[in-house]
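# Fold and geometry: a report
So you can see what is in the structure, the chains are spelled out below.
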Amino acid sequence: MLILAGQGNPGPKYAGNRHNAGFLVLDRIHADHGFGPWRSKFESQISEGTINTGNGRVKVLLVKPETFYNETGRALSKAVTFYKLDIEAVTVFHDEIDLAPGRTRVKRGGGHSGNNGVRSMIAHLGENVRRVRIGIGHPGDKSHVMPYVLSDFSKADRDWFEPLQKAISDSLPYLAADDDERFQTEVMRLAPAPKNDPKQLKRD
């Protein structure tokens, strides 16, 4: 069994925020792969389904913590403990200001880079949790980060974000089969990142 978790804040006020990129990706996976209805458990919204990896179907639990972004690890750890899963069974989707808009990187291990949601995941689950980092770009000034991530995706953002949601969903069988590199390559093939974005950062 695998757990796919998203980072985000609960409620309609935050639904379209850049900080809710992880939740929005889970919503696309939920719709595309025929998952069951969302229900409340583990201080989260959860949904059960399966993903066809090509070598059989893998049972998957989608988890959207309702503890607010900075405490998402606390809620997710309840699901991990209940199902007696190892850290290798968990993947977290989250927004990443240190990646240019539309870029996607899979990461295992390492620090939180100031992301308090990831800090919570590491504190409750350990630093080797697999993370799918969804680039949203940087507003250019550190003081603008919080209002930027708590603002909705703009129309221009949606031009690259919606294809990226679909690409992640379509490439999910590779992630479920533990082929991180193939997953990342396929996502970028299906939804290439915008060129020459003004928020392109010095590092990816």
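Above this note sits the structure.
Residues numbered from 1 in each chain as written. Predicted model: local features only at pLDDT ≥ 70, side-chain atom pairs only at ≥ 80, totals over all residues. Heavy atoms only, no water.

Right, let's get into the pattern of salt bridges. Overall, the coordinates contain 15 salt bridges when judged by the stated rule. Among the ionic pairs, E43 bridges to R74, the shortest N-O distance being 3.1 Å. A residue pair is termed long-range when its members are at least 10 positions apart, and E43 in the loop between strand 2 (39–41) and strand 3 (44–52) and R74 in helix 2 (residues 72–82) qualify at 31 residues. Here R74 falls in the partly exposed class, since its relative accessible area comes to 31%. Between D180 and R130 there is a salt bridge, with the nearest N and O atoms lying 2.5 Å from each other. With D180 in helix 7 (residues 180–190) and R130 in strand 7 (residues 130–135), this residue pair connects regions lying 50 residues apart in the sequence. Taken individually, D180 and R130 each receive the classification buried, so the pair is uniform in this respect. What you see here is one network of salt bridges that share partners, running through E43, E71, R74 and K78. (Salt bridge = Lys/Arg side-chain N within 4 Å of Asp/Glu carboxyl O. Helix = DSSP H or I, 4+ residues; strand = E, 2+ residues; numbered from the N terminus. Buried < 20%, exposed > 50% of the residue type's maximum accessible area, 1.4 Å probe, protein only.)

Further remarks concern the pairing of strand 1 (residues 2–6). Counting buried residues in strand 1 gives five out of five residues, a clear majority hidden from the surface. The two faces of strand 1 match: L2, L4 and G6 on one face and I3 and A5 on the other face are all buried. Relative to strand 4 (residues 57–65), strand 1 runs parallel, the two being bridged by four bridges. Residue pairing for strand 4: A5 is matched across the bridge by V63. (Pairing = 2+ DSSP bridges.)

The subject of this paragraph is helix 5 (residues 155–170). Here helix 5 is 16 residues long and its end C-alpha atoms lie 23 Å apart, about the 22 Å a rise of 1.5 Å per residue gives. Looking at the buried residues of helix 5, the elements they touch are helix 1 (21–32), strand 5 (90–96), strand 6 (104–108), strand 7, helix 6 (172–176) and helix 7. (Expected span 1.5 Å × (residues − 1). Contact = heavy atoms within 4.5 Å.)

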